[in-house]
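One-letter residues, chain by chain:
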Amino acid sequence: DGYNGQPDRWSARLGFLLATVGAAVGLGNILRFSAVVGVNGCGAYLVPYLLAAFVCAVPLLVLELAVGRSLRTDVVSAFRSVNGSYAAFGWLVVGGVVLVLSYYLVLTGWVLGFLLSWVTGSQTTFGAFTGSWLPVGYFVVVTVLTGAVVSLGVRGGIERLARVVMPTVFVVLVGLALYAVTLPGWGEAAGFLFTPRFSVLSDPALWSAAFGQVFFSISVGQGIMLTYGSYVDEETKLLGSALFITVTDIGAALLSGLVIFPIVFSFGLQPTLGTELAFTTLPTAFDAMPGGRLVAVAFFGLLFFAALSSAVGLLEVAVATVSHSSRHSRAQATGLLTAGVFLLGLPSALSY
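Residues numbered from 1 in each chain as written. Predicted model: local features only at pLDDT ≥ 70, side-chain atom pairs only at ≥ 80, totals over all residues. Heavy atoms only, no water.

### Side note on the overall build of the protein chain
Test applied: Numbered from the N terminus, helices here are DSSP runs of H or I no shorter than four residues, and strands are runs of E no shorter than two. Based on C-alpha atoms, the radius of gyration is set beside the globule rule, defined as 2.2 Å times the residue count to the power 0.38. Burial classes follow relative accessibility: with a 1.4 Å probe on protein chains only, a residue under 20% of its type's maximum area counts as buried, one over 50% as exposed, and anything between as partly exposed. Here a residue-residue contact requires only that any non-hydrogen atoms of the pair lie within 4.5 Å. Computed by Shrake-Rupley with a 1.4 Å probe, the accessible areas treat only the displayed protein chains as cover when residues are assessed. The positive count covers Lys and Arg only, the negative count covers Asp and Glu only, and His and the chain ends enter neither. Charged groups are reduced to one reference atom each: NZ for lysine, CZ for arginine, CG for aspartic acid, CD for glutamic acid.
When its secondary structure is counted, the protein chain shows 15 helices and zero strands. The C-alpha atoms of the protein chain give 20 Å as radius of gyration, which agrees with the globular expectation for 352 residues (20 Å, within 12%). Buried positions account for 56% of the 352 residues belonging to the protein chain. Partitioning the intrachain contacts of the protein chain with sequence separation of at least 6 by distance along the chain shows that 82% fall at a separation of at least 24. Taken as a whole, the protein chain presents about 13,800 Å² of accessible surface, with 69% of it coming from carbon and sulfur. Positive and negative charge centroids in the protein chain, built from 14 and 14 side chains respectively, lie 6 Å apart.

### Looking at the packing of helix α9 (residues 186–194) against helix α12 (residues 238–266)
As a reminder, the rule being used: Simply put, an axis is a line fit to the C-alpha atoms, just over the touching stretch for a helix, and the angle between two N-to-C directions goes from 0 to 180 degrees. Any angle between 65 and 115 degrees counts as roughly perpendicular, while under 35 counts as roughly parallel, over 145 as roughly antiparallel, and the rest as oblique. Each crossing gets its hand from how the near helix is turned against the far one by less than a right angle, where anticlockwise is left-handed and clockwise is right-handed. Only Asp, Glu, Lys and Arg are considered charged, only Ala, Val, Leu, Ile, Met, Phe, Trp, Tyr, Cys and Pro nonpolar, and every remaining residue, Gly among them, polar.
Contact geometry of α9 with α12 gives a least axis separation of 8 Å together with a crossing angle of 130°. The orientation of α9 relative to α12 falls into the category oblique. When the axes of α9 and α12 are compared, the crossing they make is right-handed. For the pair α9 and α12, the contacting residues are Trp186, Glu188, Ala189, Phe192, Leu193 and Phe194 in the first and Leu254, Gly257, Leu258, Phe261, Pro262 and Phe265 in the second. Considered class by class, the residues forming the contact of α9 with α12 number ten nonpolar, one polar and one charged.

### Description of the nonpolar core
Side chains that are nonpolar tend, in soluble globular proteins, to be buried together. As a reminder of what qualifies: We define the nonpolar core as a collection of buried residues of types Ala, Val, Leu, Ile, Met, Phe, Trp, Tyr and Cys that are connected through side-chain atoms lying within 4.5 Å of one another.
Among the nonpolar cores identified, the biggest contains 121 residues, and Trp10, Tyr45, Tyr49, Tyr228, Phe286, Phe299 and Phe300 are the most heavily contacted of them. No other element matches the 19 residues that helix α14 (residues 292–326) contributes to this core.

### Here we look at the confidence of the model for the protein chain
Where we set the bar: Per residue, pLDDT measures the predictor's confidence, with a range of 0 to 100.
Here the protein chain shows a mean pLDDT of 90. Residues at 70 or above account for 96%. Of the regions scoring below 50 in pLDDT, residues 1–6 engages in 15 contacts with residues more than four places distant in sequence or in other chains.

### Looking at the environment of valine 144
Within the fold, valine 144 resides in helix α7 (residues 134–151). C-alpha separation for the pair valine 144 and serine 81, spaced 63 residues apart in sequence, amounts to 33 Å.

### Thoughts on the pattern of salt bridges
For clarity, the cut-off: A pair is scored as a salt bridge if a Lys or Arg side-chain nitrogen falls within 4 Å of a carboxyl oxygen belonging to Asp or Glu.
Taken as a whole, this structure holds five salt bridges when the rule is applied. We note a salt bridge from aspartate 8 to arginine 330, for which the minimum N-O separation is 3.7 Å. You can see aspartate 8 sitting in the segment before α1 (13–24) and its partner arginine 330 sitting in helix α15 (residues 330–349), a full 322 residues away along the chain. Owing to a relative accessible area of 7%, arginine 330 belongs among the buried residues under this scheme. Glutamate 234 is the partner of arginine 69 in a salt bridge, and the nearest nitrogen-oxygen pair spans 3.9 Å. Of this pair, arginine 69 sits in helix α3 (residues 46–71) while glutamate 234 sits in the loop between α11 (224–229) and α12, and the two are 165 residues apart along the sequence. We classify arginine 69 as buried; its relative accessible area is 15%. The class for glutamate 234 is exposed, based on a relative accessible area of 53%. Among the ionic contacts, a cluster of salt bridges with common partners joins Asp8, Glu316 and Arg330.

### A closer look at the side chain of serine 230
You can see serine 230 is positioned in the loop between α11 and α12. Residue classification places serine 230 among the buried residues on the basis of a relative accessible area of 4%. Residues in contact with serine 230, not counting those within four places in the same chain, are Asp8, Arg9, Gly68, Arg69, Arg72 and Thr73.

### Regarding the packing of aromatic side chains
Note the following rule: Aromatic pairing here means that ring centres of Phe, Tyr or Trp (its six-membered ring) are within 6.5 Å. Orientation follows from the plane angle: under 30 degrees is stacked, over 60 is edge-to-face, and everything else is tilted.
The full count for this structure, using the stated rule, is 27 aromatic pairs. Between phenylalanine 286 and phenylalanine 300 the ring centres are 6.3 Å apart and the planes differ by 80°, which places this aromatic pair in the edge-to-face class. Of this pair, phenylalanine 286 sits in helix α13 (residues 275–288) while phenylalanine 300 sits in helix α14, placing them 14 residues apart in sequence. With relative accessibility at 1%, the residue phenylalanine 286 sits in the buried group. Put simply, the rings of Trp110, Phe114, Trp118, Phe126, Phe129, Tyr138, Phe279, Phe286, Phe299, Phe300 and Tyr352 touch in pairs and so form one group of aromatic residues.

Given below as structure tokens:
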């Protein structure tokens with residue numbers, strides 16, 4: 001029945017789709033996908049990646065959404081409805097989500113810091129940034145911002161954010177991909193991304209990386225889709241929605257590759273780097289390219305909005321659980337959990 005007797009529902013199917021895509025499309029699509037592709041056999045990686053997405057992720061996505069819609073409850077209560085002793089598994093999921101969120105918000109703070117440094121023209125370096133107190137300050141900002149969005153509710157906060165942020169993310173992503181076509185390394189990048197080396201398909205590590213990336217990226221098994229599914233109306237077609245979420249998520253990852261790899265190859269950079277690529281290597285390229293400041297602002301803006309929408313989805317899993325389990329109001333549950341996430345994330349924010 002929602003919080004305090006008031007049912008929470010998406011206002012329309014579009015709002016639901018944008019919110020779920022927002023939860024799925026995040027730093028995993030843009031940074032982690034490119035790094036994993038670079039390490040795991042270039043185009044050959046796409047074979048197990050697409051297989052994992054459509055054979056495993058889509059059915060699990062439909063299952064999570066269906067369970068959420070059927071039970072209209074949170075992750076812990078869903079496990080408890082099967083067997084009372086299974087509630088511990090639900091709390092394990094929620095605890096894992098909160099732990100992931102605590103360092104995900106630190107990375108989101110880094111992205112915001114770099115975005116503002118390029119907007120203002122100061123163009124900070126990774127060493128200077130992490131050697132200061134700025135990571136802690138930006139971590140506080142993004143943590144409070146995430147909590148504020150979730151506290152406003154399903155329609156007033158999560159859906160409203162998704163309706164603004166997700167179209168912006170894809171417009172910027174397409175724009176950057178079109179810009180990347182003009183770079184001298186675009187042909188080499190496209191070949192690197194789409195030309196398979198089938199000899200590496202016998203490597204179990206490649207398959208493990210692909211399945212891990214898909215599960216991480218599409219957010220199955222984390223309780224987000226179950227929670228978001230509990231706000232879906234009965235008329236929404238779940239299979240069609242799951243396919244849309246999956247295809248959009250894959251599309252965002254491939255577009256990100258078509259943005260990052262042309263820059264990497266045009267400036268002779270290393271394609272196998274992850275976080276270092278975004279915060280150390282790419283800024284060097286932005287500094288050297290024509291209109292690089294504008295490209296950097298677009299890139300870090302894209303990263304920030306994608307990360308924020310995913311962080312909101314992670315926090316909502318915990319807020320829904322605590323609200324249902326303790327009968328705290330949404331605002332109270334969000335405040336408590338936001339403070340807890342901040343304390344958990346402080347060691348990560350201070351880790352450099």
